[in-house]
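Descriptive analysis of the structure
Chain residues, written in single-letter form:
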Amino acid sequence: MTYPFGAVVGMDDMRLALLLNAVSPAVGGVLVRGEKGTAKSTTVRALAAVLPPVDVVAGCRFACDPAAPDPECPDGPHSADDRPVTRPARLVELPVGASEDRLVGSLDLERALTEGVKSFEPGLLAGAHRGVLYVDEVNLLHDHLVDLLLDAAALGRAYVEREGVSVRHAARFLLVGTMNPEEGELRPQLLDRFGLTVEVAAPRDADLRAEVVRRRFGYDADPAAFAAAWAVSERELADQIAAARALLPSVVLSDAALRQVTSVCAAFDVDGLRADLVTARAAIAHAAWCGRTDVTEDDVRVAARLALPHRRRRNPFDAPGLDDDTLDQALTDSRPDDDPDDDPTPPEGTDPTDGPDDGSPPPGDGSPDHQDGHSGGAEGESAPAPEDGGAADEQPPTTAPRGEGGGHTDAAPAPEKAAVAPDAAFRVQRLEVPGIGAGAAGRRSKARSERGRVVGSRRPEGSVTKLHLVDTVLAAAPHQRARGRTGAGLRLQHEDLRQATLEGREGNLVLFVVDASGSMGARSRMAAVKGAVLSLLMDAYQRRDKVGLITFRGGDAELTLPPTWSVEAAAARLTSLPTGGRTPLAAGLLRAHETLRLERVRDPQRRPLLVVVTDGRATGPRGGDHLSDARRAAGLLAAAGTASVVVDCESGPVRLGLAASLGTALGAQTMRLEELGAESLVRTVREAA
Ligand SMILES: [Zn+2]
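Note that this is a predicted model, so its numbers are computed, not measured. (Residues numbered from 1 in each chain as written. Predicted model: local features only at pLDDT ≥ 70, side-chain atom pairs only at ≥ 80, totals over all residues. Heavy atoms only, no water.)

With respect to the coordination of the zinc ion
On the protein side, the zinc ion has Cys60 (SG), Cys64 (SG), Cys73 (SG) and His78 (NE2) as donor atoms, found 2.0 to 2.2 Å from it. One can describe the site at the zinc ion as tetrahedral: its four donor atoms subtend angles covering 107 to 114° at the metal. In primary-sequence terms, the residues that donate to the zinc ion follow C-x3-C-x8-C-x4-H. By relative accessible area, Cys64 is classed as buried at 3%. (Donors = N, O, S within 2.8 Å, 3.2 Å for Na, K, Ca; no water. Tetrahedral: all angles 85-135°; square planar, octahedral: opposite > 155°, others 65-115°. Buried < 20%, exposed > 50% of the residue type's maximum accessible area, 1.4 Å probe, protein only.)

Quick look at the pattern of salt bridges
Evaluated as defined, the whole model comprises 32 salt bridges. The residue Arg33 makes a salt bridge to Glu199 at a minimum N-O spacing of 2.8 Å. A residue pair is termed long-range when its members are at least 10 positions apart, and Arg33 in strand S1 (residues 30–34) and Glu199 in strand S11 (residues 196–200) qualify at 166 residues. Residue Arg301 is joined to Glu297 by a salt bridge in which the shortest nitrogen-to-oxygen separation is 3.7 Å. In this pair, Arg301 and Glu297 are both assigned in helix H12 (residues 297–307), four residues apart and thus about one turn of the helix distant. Judged by relative accessible area, which is 4%, Arg301 ranks as buried. (Salt bridge = Lys/Arg side-chain N within 4 Å of Asp/Glu carboxyl O. Helix = DSSP H or I, 4+ residues; strand = E, 2+ residues; numbered from the N terminus.)

Re helix H13 (residues 324–333)
Three or more residues of H13 are buried, namely Leu327, Ala330 and Leu331. Buried positions in H13, seen along its axis, are confined to an arc of 95° and lie on one side of it. The exposed set on the far side of H13, more than 90 degrees from its buried face, consists of Asp325 and Asp333. Residues of H13 that are buried sit in contact with helix H10 (255–267) and H12. (Arc of directions from axis to C-beta. Contact = heavy atoms within 4.5 Å.)

Section: the nonpolar core
Generally speaking, nonpolar side chains in soluble globular proteins are found buried as a group. Counting residues in each nonpolar core, the largest one holds 65 residues, and the members touching the most others are Trp289 and Leu308. In terms of residue count, the dominant contributor to this core is helix H11 (residues 274–289) (nine residues). One finds Leu94, Phe120, Val167 and Phe173 within the second-largest nonpolar core, a separate group that totals 40 residues. (Core = buried A, V, L, I, M, F, W, Y, C linked by side-chain atoms within 4.5 Å.)

What about unusual backbone geometry?
A negative phi angle is the norm for most residues apart from glycine, just as the trans form is the norm for most peptide bonds. The phi dihedral of Arg130 is positive, around 70°, even though this residue is not glycine. For Glu137, which is not glycine, the phi torsion reads 55° and is therefore positive. Of the residues examined, Glu137 reaches a relative accessible area of 27% and is grouped as partly exposed.

What follows is the structure, encoded as structure tokens:
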């Protein structure tokens, strides 16, 4: 019993975006971004129930349309007298950790080779055909699944090939993704694949929040009764979608309206023409949804607000969102002169989603959400916050995400030294964990993986997914006479099959331990250090690493950012990091040791790489041998087999070389800050002793 779509409170943009896609799948899907606990998934899952049902060929596992069956359907060919059945539209969920076989389907290689039978088990792409494919945490999807998904979405077909045996079938689906940007961004190619994006946040309005909770209670207490109470409005919603679909072909996009679309796209400086197409399609769908056959300025405004924000971003650290003033200006400028459209356009898109059922007070929640929903809430406040001392106010960081503009109402007392802005980021060389891992796909260290180059073969544990042909033949060869082979054709048996072993690259956990104390000296030096760490962070983003940040200064070390996918969050914390005070190096290292111990429990396959950014000095209160303490802490990390790199930040005419001896204690490679940006030189970190 899913939660009724009509009962979702707030989230107006999200509901509208989903409905426009339901009316016109050509709009191209929805990406929903927002913090945890905003009922994103509940809302997506609720959509299926209001989608119009589909006619399919009975017994076809690939959802062939009886009116136009797929000529390549693996369950085909279908004849005209195959019985059609009508069933609800499907919503299929793709788990982020799914295997390739699960997504595209699996060919039974064993049967194909030993029996000559082409046996195909459909995957999720087949299940989603003519329905919805939903990916929660889409930003965490493995690269190779993303590639497969992009291919299928672009072609409208799925294609599976294993050792020369191939199957293809139609796979057209509405792609819906949800994500928490705090956990990392999406690859631009995948971002562009979504027709619309929306940002969601919990409503700020107390009454609205109360209504959310009230309905949730009602649903949890008795889901069936709750659904029954909403059944009428759900049916009305479904009818409205069906009516809009029927009206869609009659909607006219006049030249004037088209000009408004292209003017808006031009004003926001989007790449290519995909934005214009999506905006036009969304505007047409919105007109149909509102029961009109002509596209108005309001349709264009609504469409632009949903279709453009993610298409104008230049790099993963830029803020999303669309400036309403620019939008208004572009719409006004492109109004046809002869017809001064006298209907005053409302500042917000009309919200048809609260048509029949609406018991909620929608007005007023719109603009603050769009303005701030993504700027403050999701980013800094939710994580265990370090004392970020209002530092970001002083210096708007070049790469800080989500424009902190006006955010910091909690004006904390200024730290003893305001944050130093980082120097510009640069390309760094690849730092690697030595040895061969088995972690999730990425681009850093060598690993056994599902992709990559063939390095050997083994007996398969389950079914064969990548056949090593030569080794299979070699295994079968000695038995041919015994198996009674007389003519051509190899006699294969199960025990001959060899699975290819592949070596690719994995992502790692890159844990930074950064000295933020006074020992780091002049502001210019700290700016260089921050610039270097920022560069390493950008590199980690590209290599699909998890990152964490420990800083130490003054009395203690602190886990400034627990291991996360959000390189953006790490960059923001780093940029606003205050500096000064004593240098508790040992505390920083011990904190790292503890953090890695916990992460090993949480995510055992992900190998860590420790990057210690320091000049090697250690100071503390009342004497004490702080250097020895630091060496001992380093010894603990080394004993645990932690791969590490020391980035030596010492500068000035007199060098003590303390960082190098710390490196020795860690069993780490030590490199000077200036050496970090070398030209794509691969350095393998020495194996910890
Ligand atoms: Zn079929």
